Amino acid sequence: MKKNLVLTGMMGVGKSTIGKKLSKKLNLKFVDIDKIIEQSEKIKIPEIFKSKGEAYFRKIEKKISIKELKKSNQVIALGGGAIMNFLIRKEVKNSSISFWLDLNLKSILPRLKITKKRPLLDKDNLEDSINKIYSQRKKIYNESDFKIKCDSMKIQEIVNKIIKLYEDSRN
């Protein structure tokens, strides 16, 4: 039984993209918490925020994240804010090896400018909005087992580095 490999970090950092590649290479199931939430609620996350509010979203996110974290042999991409929940964090520490994908905010900015699916962002004040969220979360992200500085790395390099750290930490 393998511990889960959990990816955390800011929205737009590439958790889903990297997670899919990791799951193929490691032959583990890939789980994208945000996708499961959308499937279970039958609407997109921005719609959940708009119609039911952030508190409702966080409740569903907690329930689904903890359920998935209790399983094993998975690569799990958490939502950007999921790790802020103490119970999710506790379950990550118990069941997983966690990786904080950290990327310079200047690199995240262009990715988030083109998306419409980030309900916490103030589109008129995007840079301030991202900076504020990052400064609220970075201390918690830093509790991850490993921090991967993604700035000067290609996706494949990030994947290879994570695999090596994951494999080494299990031995």
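Scroll up for the structure.
First things first, this report covers the structure right here in the doc. (Residues numbered from 1 in each chain as written. Predicted model: local features only at pLDDT ≥ 70, side-chain atom pairs only at ≥ 80, totals over all residues. Heavy atoms only, no water.)

A short note on the packing of aromatic side chains
Quick note on the threshold: Aromatic pairs are defined between Phe, Tyr and Trp rings, using the six-membered ring for Trp, whenever the two ring centres lie within 6.5 Å; interplanar angles under 30 degrees are classed as stacked, those over 60 as edge-to-face, and all others as tilted. Secondary structure follows DSSP: runs of H or I at least 4 residues long count as helices, runs of E at least 2 residues long count as strands, and numbering of each begins at the N terminus. For every residue, the accessible area obtained with a 1.4 Å probe (protein chains only) is divided by the maximum for its type, and the residue is called buried under 20%, exposed over 50%, and partly exposed between those limits.
As enumerated under the stated definition, the model contains 4 aromatic pairs in all. Seen in terms of ring centroids, tryptophan 100 and tyrosine 134 are 6.5 Å apart; in terms of plane orientation they differ by 40 degrees. Their pairing is tilted. Taken together, the residues tryptophan 100 in strand β4 (residues 96–102) and tyrosine 134 in helix α7 (residues 126–141) connect sequence positions 34 residues apart. Accessibility assignment for this pair places tryptophan 100 and tyrosine 134 in one class, buried. Taking the centre distance of 5.6 Å and the plane angle of 35 degrees together, the rings of tryptophan 100 and tyrosine 141 count as tilted. With tryptophan 100 in strand β4 and tyrosine 141 in helix α7, the pair connects residues that are 41 residues apart, well separated along the chain. For the pair shown, tryptophan 100 and tyrosine 141 are each scored as buried. Here a set of aromatic residues connected by ring pairs shows up, and it is made of Trp100, Tyr134 and Tyr141.

Brief notes about unusual backbone geometry
Despite not being glycine, asparagine 27 shows a phi value in the positive range, around 60 degrees. Mapping asparagine 27 onto the fold places it in the loop between α1 (15–26) and β2 (29–32). For asparagine 27, a relative accessible area of 69% translates into the label exposed. Phi angles above zero are rare outside glycine, and lysine 42 is one such case at about 65 degrees. Relative to the helices and strands, lysine 42 resides in the loop between α2 (33–41) and α3 (45–52).

What to know about the sheet that holds strand β3 (residues 74–77)
Stated precisely, the cut-off is as follows: Paired strands are those between which DSSP finds at least two bridges. Every axis corresponds to a line fitted to the C-alpha atoms, with the helix fit spanning only the stretch in contact, and the corresponding angles, defined between N-to-C directions, vary from 0 to 180 degrees.
Spatially, 5 strands are ordered β2-β3-β1-β4-β5 in an open sheet, and the strand pairing comes out parallel. Strand pairing shows two members of the sheet lacking a second neighbour, β2 and β5 (146–149), which therefore form its edges. Within this sheet the neighbouring strands show an average axis-to-axis angle of 20 degrees, counted without direction. For strand β1 (residues 4–8) and β3, the ladder comprises 3 bridges, and the chain directions are parallel. If you follow leucine 7 over to β3, its bridge partner there is alanine 77.

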